[in-house]
Amino acid sequence: MDWSPFWLSFKLASITTVLLFLISVPVIYGVYFYSRSIRPALKAIISLPLVLPPTVLGYYLLLLLRPEGWLGQLSKQWFDTRLVFSFSGLVIGSIIFSLPFMINPILSALENLPDSYREAAYTLGKSRWNTLIYVLLPNIKASLWVGGVMTFAHTIGEFGVILMIGGSIPDETRVASIAIYNEVEMLNYTNANVYAAILLLFSFAVLILVYLYQHRRPQGII
Amino acid sequence: MEVDLQKQLRGGKEAMLLDVSLKVQEGEIIAIMGPSGAGKTSILKMIAGLLAPDSGLIKVNNQTWYQNQPLINVRTQKRSIGYVFQDYALFPNMSVRENLKYALPSRESQANIDEILELIDIQNLAEQKPTALSGGQQQRVALARALIRRPKVLLLDEPFAALDDVMRSKLQSDVLALHRRYKTTTFLVSHTPAEVARLASQVFILQDGKVVQQGSPASVLTQTDPETLLIGEILAIQNNQITLVVKNSLSTIDISGATAHYQVGDSILISANQYQIHKKS
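Residues numbered from 1 in each chain as written. Chains lettered and ligands numbered in written order. Predicted model: local features only at pLDDT ≥ 70, side-chain atom pairs only at ≥ 80, totals over all residues.

1. Things to note about the overall build of chain B
Our working rule: In DSSP terms, a helix is any run of H or I states spanning at least four residues, a strand is any run of E spanning at least two, and both are numbered starting from the N terminus. Exposure in this text rests on C-beta crowding, where 20 or more other C-beta atoms within 10 Å of a residue's own make it buried, 12 or fewer make it exposed, and counts in between make it partly exposed. The C-beta atoms are placed from the backbone. Residue pairs qualify as contacts under a 7 Å threshold applied to their C-beta atoms, which are placed from the backbone.
Across its full length, chain B carries 8 helices and 15 strands. Projected onto the principal axes, the alpha-carbon positions of chain B cover approximately 70 × 50 × 40 Å. For chain B, the residues scored as buried account for 34% of the 281 residues in total. Relative to all contacts within chain B whose residues are 6 or more apart in sequence, the contacts with residues 24 or more apart total 64%.

2. Quick notes on the overall build of chain A
Helix and strand content of chain A: 11 helices and 0 strands. Ordered by position in the sequence, the α and β elements of chain A form the string α-α-α-α-α-α-α-α-α-α-α. When its C-alpha atoms are laid out on the principal axes, chain A stretches across 65 × 45 × 25 Å. When the 222 residues of chain A are sorted by exposure, 34% land in the buried category.

3. Brief notes about unusual backbone geometry
Residues and elements named next belong to chain B. Following Gln69, the chain continues into Pro70 via a peptide bond in cis, with omega recorded as -10°. Within the fold, Pro70 resides in the loop between strand E5 (63–68) and strand E6 (71–73). Phi at Ala89 takes a positive value of approximately 55°, unusual for a residue other than glycine. Structurally, Ala89 is set in the loop between strand E7 (81–84) and helix H2 (96–103).

4. Topic: the interface of chain A and chain B
Selection criterion: Gly counts as polar in this scheme, as do all residues outside two lists: the nonpolar Ala, Val, Leu, Ile, Met, Phe, Trp, Tyr, Cys and Pro, and the charged Asp, Glu, Lys and Arg.
Each partner contributes to the interface: chain A provides 15 residues, whereas chain B provides 17 residues. Elements represented by at least two residues in the side of chain A that touches chain B include exactly helix H6 (115–123) and helix H7 (128–136) of chain A. No other element matches the 6 residues that H6(A) contributes to the side of chain A that touches chain B. Looking at the side of chain A that touches chain B residue by residue, the classes come out as 8 nonpolar, 5 polar and 2 charged.

5. Notes on the pairing of strand E9 (residues 185–189) of chain B
Residue and element names in this part refer to chain B. Note the threshold: The criterion for strand pairing is that DSSP finds at least two bridges linking the strands in question. Handedness is read with the strands pointing away from the viewer; a crossover is right-handed when the path from the first strand over the helix to the second is clockwise.
Most of E9 is tucked away: 5 of the 5 residues are buried. With burial as the criterion, each face of E9 is covered, one bearing Thr185, Phe187 and Val189 and the other bearing Thr186 and Leu188. Bridge count between strand E3 (residues 29–33) and E9: 4 bridges; the pairing is parallel. Within E9, the position partnered with Ile32 by the bridge is Val189. Considered for its hand, the β-α-β crossover made up of strand E8 (residues 153–157), helix H5 (residues 165–182) and E9 is right-handed.

6. Observations concerning the domain arrangement of chain B
For clarity, the threshold we go by: What counts as a domain boundary in this text is fixed by an automatic or database domain assignment.
Each domain of chain B was delimited in the assignment, giving domain 1 (2–222) and domain 2 (228–271). Placing the centre of domain 1 of chain B and that of domain 2 of chain B at their C-alpha centroids yields a distance of 38 Å.

7. Some points on the environment of Asp87(B)
You can see Asp87(B) is positioned in the loop between E7 and H2. Asp87(B) has contacts with Pro114(A) and Ser116(A), leaving out every residue within four places of it along the chain.

8. Remarks on the packing of helix H4 (residues 135–147) of chain B against H5(B)
Residues and elements named next belong to chain B. For clarity, the threshold we go by: Fitted lines through C-alpha atoms serve as axes, helices being fitted only where they are in contact, and the angles separating the N-to-C directions of these axes extend from 0 to 180 degrees. Should an angle fall under 35 degrees it is called roughly parallel, over 145 degrees roughly antiparallel, and 65 to 115 degrees roughly perpendicular, with every other angle called oblique. Two helices that cross are described as forming a left-handed crossing if the nearer one is turned anticlockwise from the farther one by less than a right angle, and a right-handed crossing if clockwise.
Here H4 crosses H5 at 15°, and the two axes come no closer than 11 Å. In terms of their interaxial angle, H4 and H5 are classed as roughly parallel. Crossing geometry of H4 relative to H5 is assigned as right-handed. Residues Gly136, Gln139, Arg140, Leu143 and Leu147 of H4 lie in contact with H5, whose contacting residues are Met167, Leu171, Asp174, Val175, Leu178 and Tyr182. Considered class by class, the residues forming the contact of H4 with H5 number 7 nonpolar, 2 polar and 2 charged.

9. Things to note about the nonpolar core
Test applied: Throughout this description, the term nonpolar core refers to a group of buried Ala, Val, Leu, Ile, Met, Phe, Trp, Tyr and Cys residues whose C-beta atoms join them within 7 Å.
Ile165(A), Ala31(B), Ile47(B), Leu143(B), Ala144(B), Leu155(B) and Val203(B) are the most contacted members of the largest nonpolar core, which totals 107 residues. Of the residues forming this core, the biggest block, 10 residues, is contributed by helix H5 (residues 87–112) of chain A. For Leu155(B), the residues in contact, after removing those within four places along its chain, are Leu44(B), Ile47(B), Ala48(B), Ile81(B), Gly82(B), Tyr83(B), Val84(B) and Phe187(B).

10. Some details on the confidence of the model for chain B
Note that predicted coordinates carrying low pLDDT should not be read in detail. Formally: In predicted models, pLDDT denotes the confidence assigned by the predictor to each residue on a 0 to 100 scale.
Mean pLDDT over chain B stands at 87; residues scoring 70 or higher make up 92%. In the model output, the complex is listed with pTM 0.83 alongside ipTM 0.83.

11. Remarks on helix H1 (residues 4–34) of chain A
Residues and elements named next belong to chain A. Condition: Each residue after the first adds 1.5 Å to the expected span of a helix. To get the bend at any residue, fit one axis to the seven residues that end at it and another to the seven that begin at it, then take the angle between the two axes.
Here H1 spans 44 Å end to end across 31 residues, near enough to the 45 Å set by a 1.5 Å rise per residue. Along H1, the sharpest change in direction is near 30° and occurs at Ser24; proline Pro26 comes one to four residues later. Burial in H1 covers these residues: Pro5, Leu8, Ser9, Leu12, Ala13, Thr16, Thr17, Leu20, Ser24 and Ile28. Summarising the contacts, the buried residues of H1 are in contact with H5, helix H8 (141–156) and helix H10 (176–185).

12. Here we look at H5(A)
A rise of 1.5 Å per residue sets the reference length of H5(A), with its 26 residues, at 38 Å; its end C-alpha atoms lie 37 Å apart and thus fit the reference within 8%. The sharpest bend along H5(A) reaches about 50° and sits at Ser98(A), with the proline Pro100(A) one to four residues further on.

13. Structural notes on the environment of Ile234(B)
Residue and element names in this part refer to chain B. By the element assignment, Ile234 lies in strand E12 (residues 228–238). Judged by the 17 C-beta atoms lying within 10 Å of it, Ile234 is partly exposed. Here the alpha-carbon distance between Ile234 and Val96, two residues 138 residues apart in the chain, equals 46 Å. The contacts of Ile234, once residues within four sequence positions are left out, are Ile242, Leu244, Tyr262, Val264, Gly265, Asp266 and Ile268.

Now the structure itself:
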């Protein structure tokens, strides 16, 4: 049994979660503080990956990441790296694909906090950044955890987008979900069974964790 | 201090034009009273810079915080204010001491924290989280946090509404003590005439966004009907004794012929010309 697809999935999910969290903070800052009139449009763009078929998202990502594409050219010039069919390409794809899973719980928790927290911090002379980092985010820790855990789990289960932009290169882009697909294609049901069962148990365990946490802190997370 | 504000407010069903002009002496406590939706909180928020007026002028100690021609609108962060919110708005992730420390500009001495904790008698709560405190304790912390930066203007939005009478009275004393200490110009939004009479030197009665009455609490709050002493609802009648619910308390009064004339549930008004007042020996 080859365990490398699981290791690759784990690596992809960890990197995606950390990077996406770092990217999310400034995105959330912009959406929360500056977008009163265009907020519905921004939220719709962020949530697109929830409803788009992964193949559609994967197709546009492919256009963007291929050597002639905008990001592909940038990456070639600056880092001399190819993005399609590479691990770095998968990270970019996963970040975009998991965007709503990180941002939506955090944003809705922020919107549910009383306005008076933000206003009180302003009256104490604090800037928006200071307010976000020291007052608002620490009071929605539960949602930060949920955002992180959901991003991680969602990246582990990603399939369509990866197939479109990553293919199935061993140790590079062949993550667990792709490995299952390959095993089935080769009629290797024993391996497919084990891989599938592991992913099923993992996903179930993650959701149980999230809902247990939510149950303990009933103020609503997702 | 000059506050002159106009703003079209869209609260509830109808739009309403808030148009007020308040002249306040430095160091004075003034009260704003009026029914809900009259625009009381909006006035505080505009003074704080949390809500932009359509036009007007806010001037504190010869410093202009807001004017519309030419536009000056000092950011909330740059206005020297302390704001006590209706829900206190203490930050749950910080202890009492951390809430006060966060409020203090970084260069200022932390000795101020202990001083103010002591002044309003909450030293023993310093390491508690706000959620572990009672309403009255939270209120005191909120007051301390608003005052620790020594603001020029203190804004109190119905600060005692959720408290029982004993706690309310204690906190009113705290506000007076703090005011004696810091002499901060204070705006108090309140529903309680007794509270206003005790704390404020000037009161503005607001209705539908306009000031309908203003003056000292003694003149404004009593001029509506000087003869009315009690208005209450009859709870029980027994042997010509009537038990009345007046506001939130009960009073029992001897009235001859009460059993024949009144029944439980009647609302009655007792005025001075029918009521005999005896001095207690």
